[in-house]
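Report on the structure
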Amino acid sequence: AQSVSQHNHHVILSEAASLELGCNYSYGGTVNLFWYVQYPGQHLQLLLKYFSGDPLVKGIKGFEAEFIKSKFSFNLRKPSVQWSDTAEYFCAVISTGNQFYFGTGTSLTVIP
Amino acid sequence: DTGVSQNPRHKITKRGQNVTFRCDPISEHNRLYWYRQTLGQGPEFLTYFQNEAQLEKSRLLSDRFSAERPKGSFSTLEIQRTEQGDSAMYLCASSSGTGGWGETQYFGPGTRLLVL
């Protein structure tokens, strides 16, 4: 069975700090990769996704992620976080099917 | 822009009672998914519909759980004889069904179930 690991459960940063959230997956075949975000009191929203092509993908609100196939990783980055980035971040993987496998999430708190 | 909607948003029930949740996907989305999310965990896949056909079911979906999508539009998830372990957020998502496997899923706000 596939699994997704998010290494950081809770991250606290000051505004303007750089962010990198780790995501590793266990499936060795073709995968599509996603990062979803859940702001306080809101539902899950797509942040960015990788299907194929350029392994560096850019999403909304200045986020980007890099797919490194050899490391089975899809880490999320943002050069300068804002207070409004405070949220729960979920990495998700899907292979040849329609079952999403989500990580356990990383709670990000940005201190003004 | 109407997204995925779910009703009710909150449900409190006593152990042993049956509950039913409803999900209305984005209009014209062919695929509909149900997930369960417990505290501190990511969403876990339960089941998936392509139009009215239920194509995949997780082992998490015990015999007490049943999902339907009778006309290929809205879906219901019923839990019979609820147990305290069923307490969770139940999420619904939909996707267009035109993008092949692995297309983007759009999530609803969820129904939070508390079994006393």
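Refer to the preceding data block for the structure.
Note that this is a predicted model, so its numbers are computed, not measured. (Residues numbered from 1 in each chain as written. Chains lettered and ligands numbered in written order. Predicted model: local features only at pLDDT ≥ 70, side-chain atom pairs only at ≥ 80, totals over all residues. Heavy atoms only, no water.)

Of the pockets and cavities examined, the largest pocket occupies roughly 530 Å³. A:Gln38, A:Gln42, B:Gln37, B:Met89 and B:Arg112 are the residues nearest the centre of the largest pocket, which is lined by 23 residues in total. Elements with a minimum of two residues in the lining of the largest pocket: β10 (87-94) of chain A together with β9 (88-95) of chain B. A class-by-class count of the residues in the lining of the largest pocket yields nine nonpolar, 11 polar and three charged. The computed volume of the second largest pocket comes to approximately 360 Å³. As for the second largest pocket, its lining consists of 18 residues, and the residues nearest its centre are A:Tyr101, B:Pro43, B:Glu44, B:Phe45 and B:Leu60. Split by residue class, the lining of the second largest pocket holds eight nonpolar, eight polar and two charged. (1 Å grid on protein atoms, 1.4 Å probe; cavity = no way out; pocket = protein on both sides within 12 Å on 5 of 7 lines; lining within 4 Å. Points joined across faces, edges and corners; volume = space filled by probe spheres on them. Helix = DSSP H or I, 4+ residues; strand = E, 2+ residues; numbered from the N terminus. Nonpolar A, V, L, I, M, F, W, Y, C, P; charged D, E, K, R; others polar.)

Now for the pattern of salt bridges. Counted according to the given criterion, the structure contains eight salt bridges over all chains. Residues B:Arg31 and B:Glu103 are paired through a salt bridge, measuring 3.3 Å at the closest nitrogen-oxygen approach. Placement of the pair is B:Arg31 in strand β4 (residues 31-37) and B:Glu103 in the loop between β9 and β10 (106-107), with a sequence separation of 72 residues. In terms of burial, B:Arg31 and B:Glu103 fall into one category: buried. Between B:Glu83 and B:Arg64 there is a salt bridge whose closest N-O contact spans 3.4 Å. Of the two residues, B:Glu83 is situated in the loop between β8 (75-79) and β9 and B:Arg64 in the loop between β6 (53-57) and β7 (65-68); the sequence distance between them amounts to 19 residues. Connected through shared salt-bridge partners, A:Lys58, A:Glu64, A:Glu66 and A:Arg77 make up one network. (Salt bridge = Lys/Arg side-chain N within 4 Å of Asp/Glu carboxyl O. Buried < 20%, exposed > 50% of the residue type's maximum accessible area, 1.4 Å probe, protein only.)

Another point: the environment of A:Val37. All names here are of chain A. Locating valine 37 in the fold gives a position in strand β5 (residues 32-38). Between the C-alpha atoms of valine 37 and glycine 105, which are 68 residues apart in sequence, the distance is 9.2 Å. The contacts of valine 37, once residues within four sequence positions are left out, are His43, Leu44, Gln45, Leu47, Ala87, Glu88 and Tyr89. (Contact = heavy atoms within 4.5 Å.)

With that out of the way, let us pick up the packing of aromatic side chains. All names here are of chain A. Under the defined criterion, the tally for this structure stands at 19 aromatic pairs over all chains. Their ring planes at 75° and their centres at 5.7 Å tell us that phenylalanine 34 and phenylalanine 51 sit as a pair that is edge-to-face. Placement of the pair is phenylalanine 34 in strand β5 and phenylalanine 51 in the loop between β6 (45-50) and β7 (56-58), with a sequence separation of 17 residues. Relative to phenylalanine 102, the ring of tyrosine 36 lies with its centre 5.9 Å away and its plane at 55°, an arrangement referred to as tilted. (Phe/Tyr/Trp six-rings, centres within 6.5 Å; stacked < 30°, edge-to-face > 60°.)

Here we take up the side chain of B:Thr111. Residue and element names in this part refer to chain B. As for its placement among the helices and strands, threonine 111 is situated in strand β11 (residues 111-115). Engagement of the side chain of threonine 111 in a polar contact is seen with the backbone oxygen of proline 8, the distance being 2.5 Å. Contact partners of threonine 111, with chain neighbours within four places excluded, come to Gln6, Asn7, Pro8, Arg9, Phe21, Ala88, Met89 and Tyr90. (Polar contact = N/O pair within 3.5 Å; in protein donor to acceptor, adjacent residues only side chain to side chain.)

Along the chain, B:Asn7 connects to B:Pro8 via a cis peptide bond; the corresponding omega equals -10°. Its place among the elements puts B:Pro8 in the loop between β1 (5-7) and β2 (10-13). With a phi close to 80°, A:Ala16 is a non-glycine residue in the positive phi region. Considering the arrangement of structural elements, one finds A:Ala16 in the loop between β2 (10-14) and β3 (19-21).

Bringing the state of the cysteines into the picture now. A complete count under the given rule lists two disulfides over all chains for this structure. There is a disulfide in this structure between A:Cys23 and A:Cys91, and the S-S distance comes to 1.9 Å. Across the disulfide from A:Cys23 to A:Cys91, rotation about the S-S bond amounts to roughly -65°, and the bridge is consequently left-handed. Remark: A:Cys91 occurs in strand β10 and A:Cys23 occurs in the loop between β3 and β4 (24-25); sequence separation between them is 68 residues. A:Cys91 carries the same exposure label as A:Cys23, and that label is buried. The disulfide bridge from B:Cys23 ends at B:Cys92, spanning 1.8 Å between sulfur atoms. (Disulfide = S-S within 2.5 Å.)

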